[in-house]
Each structure stands twice: as structure tokens, then as C-alpha cells.
Amino acid sequence: MRKYLLYSFVLVLLLLSGWIFFFSNSSGILSLRNSNFSIDNIDKVSSIYLSDNSNAIVLDKINNQWMVNNKFQAKEQSMSNLLLAVNRLQVHYPVSKAEREQIALLLKNDGIKVEIKINRFKSHRFLVSKPSMNKEKTYMMMANSAEPYVVKIPGFKGNVAELFPTSENAWRNNLIFNYLPQNIQTITVEYLLTPEKSFSLKNFNDGSFALINRNNQPEPDFNVEIAARYFTYFQNIQFEDVLTDESQIKKDSVFASTPYVQITVKDFNNIENNIKIFRKPSDGETDEFGEKTKFDLNKAYALLNNNNELLLIQYYNFDPLLKEIDYFR
């Protein structure tokens, strides 16, 4: 019995020594509480705050939908990647004694601050190195700690730091229109330079529709099947990019010009979504006959809900929406 107890005691000592060795370096033991970066139950995460010296964003879960700065829907894939990351984060190894002080200082002065709220009460806070700090390694350190670690995510081959961007545009959803057809009350398409092409379609949500001309008069005869099908086109319509590098003078010039077309969608909650589309000057493009074109044939500028952001869109995505009233007659 004594021999069994002795063996058990020695085994416990060996396991404890190995555990201490893993979380130690040449300057002594690193605290386990300072390396607990992962979160077990990501379903309970209610808010994530990311900031650096230039940007700050808040990702909030509202009615099971993640929002960016309470303004835009977040990209589903980006949110899934982030939550999976914080669930599977593992310490790869502690930073060596020679580098520890320098890395800790860099994280505090130039790192990405992360605060994750669980059920809006408990907070989990740590610092993440920026991708530019080291292209091959990601360093992390718990808040109010001076013990940095190199971290990894099993099966992930990229730089973990790239999953924590702080710019709003990196997180916001590019959606402009994403409606189920039965949720749309009216669609209004206005051609400002050729108003005779404009129209409005109304859905009575009982299988009947009305086609309204530019004089706000109902059209007595139109193709109901084509009208009903048109309501199905307003799903997953996205812009390509936010042109943040364009000068304010250029933005003002675009927005002061007459839009080529304006589309307004109103749902049955009377919430409207409006986009103005402006022709983009050609960059030396030619048409199918080899003639130089005045406007870009593939892309255009846009203004969404008058929010003063210059968007870039592709006609490829919008062509199904750019119908004229004769299309329904």
C-alpha cells in the first residue's frame, strides 16, 4: 500500500512539473489565468469591442443579428470566423524572456484591444498584435498582464491577427437590398433624365399588384406574372466597395449631379431603402464597335440612404432591377 501511495505521489509530482515547465520560461512561472484567451460557450457572447490607435468598432448581437456600430448588419462569415477563433484559441508557447518586455510594450502601445461581453455582464479582455507586427506569429496578452504568448488556432493556416480587424468596412455587410418578395410593399424606380421610363409597383399581399406610371396613375393593363417575378429580384443585391480614398471634392461633385436612376423599396413596416445610382466616367473603355464610351459600362457610383458614402457598384448585380415601365406592359 505504501509503495502504491509512493508511486502515485511521484506521478503527481511529474505531471505537476511538466505542467509548470510548459507555462514557464527562463525567468520563472507564467500564471495560467494570464493565458486563458478562449471562450467555451460562444452562443452567450452578446457584444465584442475592437479598437486600436486609429479605429474602434462595436459588434452587438441584437435580435440574433450582429450589427456593426449599431448602423450596419455584420458580415455573417466574418462573425462566424471571429467567434470560432475565440472559441478555439490556444496558447502555442510563451514569449521568451528576452522578448517578453518588448512584445508586452508593443501590445500595450500598438495592439488591438479586444473586449468580449458574455450575456452583457461578464467581460473577457485581451490584447492582440496587428498583422503588420509579425506576419508569421500572432501575440496575445490578457488585459492588465505583462505576460504575452504566441497563440494558434488548430487547423487555421493564416495569421490569427487578421481575424480581428478594427475598420468598420471590414465588418459591415455589403447588402443594399435583401427582401423576401412577400415583405415588399412598394418598389419605385425613377429615371431622372428620362422620367417617362419611371414606374412604381405596389404589392397588396393578396396576389394582386398595381403598376403606377410617372403621373401617379395606375396602368390599366400590365403583365401580372412579370410584375410578381420582379419582386423576387431584390435579394442579395450588394455593393462592391466603399470608396473611402476618394476626395471630398469628388464625392460632392458626384452627389451634386443628377442620378441616372433612383430605386426606393418600402416594406410592410413602412421602412424605406433608397439608392441613387450615378454614371461613372469611362476610363478609356470601348464598346462592342470599338468606339470610346463616355461612361463606364461595368461599374457606377451610388449613394445609399443619403448617408454621404460614395459606393461602387457593378451593373451585373443591378441589371435585373433596372427595368423600365414598358417591361411590364
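Below is a short write-up of the structure.

**As for the overall build of the chain**
Within the chain, the secondary structure is distributed over 7 helices and 21 strands. Sequence-distant contacts in the chain: of pairs separated by 6 or more residues, those separated by 24 or more amount to 60%. Just so you have it, the chain exposes about 19100 Å², and 50% of that area is on carbon and sulfur atoms.

**A closer look at the environment of R125**
Of note, R125 is situated in strand β9 (residues 122-128). With 16 residues separating them in the primary sequence, R125 and M141 have C-alpha atoms 9.0 Å apart. Discounting chain neighbours no more than four positions away, the residues touching R125 are V114, E115, M142, A143 and N144.

**Some remarks on unusual backbone geometry**
For N63, which is not glycine, the phi dihedral falls at a positive 50°. Secondary-structure assignment places N63 in the loop between β4 (56-62) and β5 (65-68). Residue classification places N63 among the exposed positions, given a relative accessible area of 76%.

**Thoughts on the packing of aromatic side chains**
Evaluation of the coordinates by the stated rule reveals 14 aromatic pairs. When the centroid spacing of 5.9 Å and the interplanar angle of 80° are considered together, the rings of Y230 and Y233 count as edge-to-face. Overall, Y233 belongs to the partly exposed group, its relative accessible area being 24%. Taken together, the ring pairs in this structure connect F177, Y179, F199, Y230, Y233, F234, Y327 and F328 into an aromatic cluster. Positioned above the aromatic ring of Y260, the side-chain terminus of R279 is 3.9 Å from the ring centre. We note K323 situated over the ring of Y327; from NZ or CZ to the ring centre the distance is 4.7 Å.

**Comments concerning the environment of K292**
Among the secondary structure elements, K292 is positioned in the loop between β19 (272-281) and β20 (295-304). Expressed as a C-alpha distance, the spacing of K292 and S282, which sit 10 residues apart in the sequence, is 8.3 Å.

**Quick word on the layout of surface pockets**
Here the largest pocket defines a volume of roughly 720 Å³. Elements that contribute at least two residues to the lining of the largest pocket include exactly β5, β6 (72-73) and β12 (175-177). Among the elements that take part in the lining of the largest pocket, β12 stands out by supplying 3 residues, more than any other. Within the lining of the largest pocket, the residues separate by chemical class into 10 nonpolar, 8 polar and 4 charged. What lines the second largest pocket is Y191, L193, T194, K197, S257, T258, P259, Y260, F278, R279, F295 and E324. Residues of the lining of the second largest pocket, tallied by class, amount to 6 nonpolar, 3 polar and 3 charged.

**Observations concerning the nonpolar core**
With 36 residues, the main nonpolar core has F177, Y230, F234, I263, I275 and F318 as its most contacted residues. If we ignore the near neighbours within four places in the chain, the residues touching F318 are I176, I237, Q238, I275, I277 and I313. In this structure, I48, V68, A85 and M140 belong to the second largest nonpolar core, which totals 34 residues.

**Comments concerning the pairing of strand β8 (residues 112-118)**
Looking along a regular strand, one sees the side chains alternate between the two faces of the sheet. Residue alternation in β8 divides its side chains into a buried set, I112, V114, I116 and I118, and an unburied set, K113, E115 and K117. With 6 bridges joining them, strand β3 (residues 45-51) and β8 adopt antiparallel strand pairing. Residue L50 lies in a different strand from β8, and its bridge partner there is V114. Bridge analysis of β8 against β9 gives 7 bridges, and the strand direction is antiparallel.

What counts as what
Residues numbered from 1 in each chain as written. Predicted model: local features only at pLDDT ≥ 70, side-chain atom pairs only at ≥ 80, totals over all residues. Heavy atoms only, no water. Helix = DSSP H or I, 4+ residues; strand = E, 2+ residues; numbered from the N terminus. Contact = heavy atoms within 4.5 Å. Areas by Shrake-Rupley, 256 points an atom, 1.4 Å probe, with all protein chains shown as cover. Buried < 20%, exposed > 50% of the residue type's maximum accessible area, 1.4 Å probe, protein only. Phe/Tyr/Trp six-rings, centres within 6.5 Å; stacked < 30°, edge-to-face > 60°. Lys NZ or Arg CZ within 6 Å of the ring centre and 35° of its normal. 1 Å grid on protein atoms, 1.4 Å probe; cavity = no way out; pocket = protein on both sides within 12 Å on 5 of 7 lines; lining within 4 Å. Points joined across faces, edges and corners; volume = space filled by probe spheres on them. Nonpolar A, V, L, I, M, F, W, Y, C, P; charged D, E, K, R; others polar. Core = buried A, V, L, I, M, F, W, Y, C linked by side-chain atoms within 4.5 Å. Pairing = 2+ DSSP bridges.

Purely spatial values, then, with no claim about function.
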